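# Report on the structure
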Amino acid sequence: MELLPALARWIHFLAGITWVGLLYYFNLVQMAGLKAAAADGTAAGINKHIAPRALFWFRWSAVVTWLAGAALLGPHFTDAFALRNGFELIGVGAWLGTIMLFNVWALIWPNQKKILGFVPADDAAKNKARRVAMLASRTNLMLSLPMLFFMANGLSHRAVLGF
Amino acid sequence: MRPVLPEALPLVGLIVEHMIGVRMKNPLESVAGSIISGLLLTLALVFFLKNFIVAGG
């Protein structure tokens, strides 16, 4: 095994687990936890100490995952994104991961900055930001299922899938 | 007694609601709806790849 693809694969997995793990934390734990915490007046601590740290690792692990994935594809990068030459399955995973990365940086993070008070926003803007960030996060939760299916099966299980 | 099915399995609930003529909801409103949507999207993409991309290449 060559060193660079091995390193890229290792980093891709490490960063991907961090990214998707935090995505599942947000969707399965924090959203419901914040709703309960808001009801008893304890949400401020989560918003001040937990969410910013989680979002830091979330957005940057997304970038590292994508870059390591691109390095791993190497000369087959365009074949994957063009869904050709045997890279159709991993290509779908790559497209889904890219859409998820876009959601993180274009929708989730800008709206979380308003929610957490990093940029000024009135209550109406914060409520709208909560809605957009929630739906973008749920979209990524939905996309993570096919993304992981195609990533996991993309290069090694074509016969199992029958093509 | 509150209906359990639409809360536990929103997509199934949505289909049932649709069949009886009640307004559909966004499945991304719930974790379960998002996961069911992801599973259905996986199946749809496998079908799409198998029949329109790989078969055509």
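Residues numbered from 1 in each chain as written. Chains lettered and ligands numbered in written order. Predicted model: local features only at pLDDT ≥ 70, side-chain atom pairs only at ≥ 80, totals over all residues. Heavy atoms only, no water.

Turning our eyes to something else, we now look at the overall build of chain A. When you go through chain A residue by residue, the secondary structure sums to six helices and zero strands. Along chain A, helices and strands appear, N-terminal first, in the series α-α-α-α-α-α. Structurally, chain A occupies a C-alpha span of about 55 × 30 × 25 Å along its principal axes. Split into buried and exposed, the 163 residues of chain A put 42% on the buried side. (Helix = DSSP H or I, 4+ residues; strand = E, 2+ residues; numbered from the N terminus. Buried < 20%, exposed > 50% of the residue type's maximum accessible area, 1.4 Å probe, protein only.)

Further remarks concern the confidence of the model for chain B. All names here are of chain B. Of the residues in chain B, 61% have a pLDDT of 70 or more, and the chain-wide mean is 78. Mean pLDDT values for the elements of chain B range from 50 in helix α1 (residues 5-8) up to 92 in helix α3 (residues 31-54). This complex was scored by the predictor with a pTM of 0.86 and an ipTM of 0.89. (pLDDT = per-residue confidence, 0-100.)

The next point concerns the interface of chain B and chain A. With 18 residues of chain B at the contact, the number on the chain A side is 23 residues. At the junction of chain B with chain A, the criterion picks out one salt bridge. Ionic pairing is found between Arg131 of chain A and Glu29 of chain B, a salt bridge with its closest N-O pair at 2.5 Å. Scanning the region where chain B abuts chain A turns up three residue pairs in polar contact (both at pLDDT 80 or more). Residue composition of the side of chain B that touches chain A, grouped by class: 10 nonpolar, six polar and two charged. (Contact = heavy atoms within 4.5 Å. Salt bridge = Lys/Arg side-chain N within 4 Å of Asp/Glu carboxyl O. Polar contact = N/O pair within 3.5 Å; in protein donor to acceptor, adjacent residues only side chain to side chain. Nonpolar A, V, L, I, M, F, W, Y, C, P; charged D, E, K, R; others polar.)

Attention shifts here to the packing of aromatic side chains. All names here are of chain A. Summed over all chains, the structure comprises 11 aromatic pairs over all chains. Taking 5.6 Å as the distance between ring centres and 90° as the angle between the ring planes, the aromatic pair formed by Phe56 and Trp57 counts as edge-to-face. Of the residues examined, Trp57 reaches a relative accessible area of 54% and is grouped as exposed. By the ring-pair criterion, three or more aromatic residues cluster together here, those being Trp66, Phe77, Phe81 and Trp95. (Phe/Tyr/Trp six-rings, centres within 6.5 Å; stacked < 30°, edge-to-face > 60°.)

Residue and element names in this part refer to chain A. Direction vectors running N to C along helix α4 (residues 88-115) and helix α5 (residues 123-153) enclose 160°, while the axes themselves pass 8 Å from each other. If you check the angle between α4 and α5, you find them roughly antiparallel. Considering the relative orientation of α4 and α5, their crossing is left-handed. By residue class, the composition of the contact of α4 with α5 is 20 nonpolar, 10 polar and three charged. (Axes fitted to C-alpha atoms, helices over the stretch in contact; angles between N-to-C directions. Parallel < 35°, antiparallel > 145°, perpendicular 65-115°, else oblique. Left-handed = near helix turned anticlockwise from the far one by under 90°.)

Attention now goes to the environment of Thr98 of chain A. All names here are of chain A. Along the chain, the position of Thr98 falls in helix α4. Each C-alpha atom, one on Thr98 and one on Met147, is 9.8 Å from the other, the two residues being 49 residues apart in sequence. Among residues more than four places away in sequence, those in contact with Thr98 are Trp66 and Phe81. Engagement of the side chain of Thr98 in a polar contact is seen with the backbone oxygen of Ala94, the distance being 2.7 Å.

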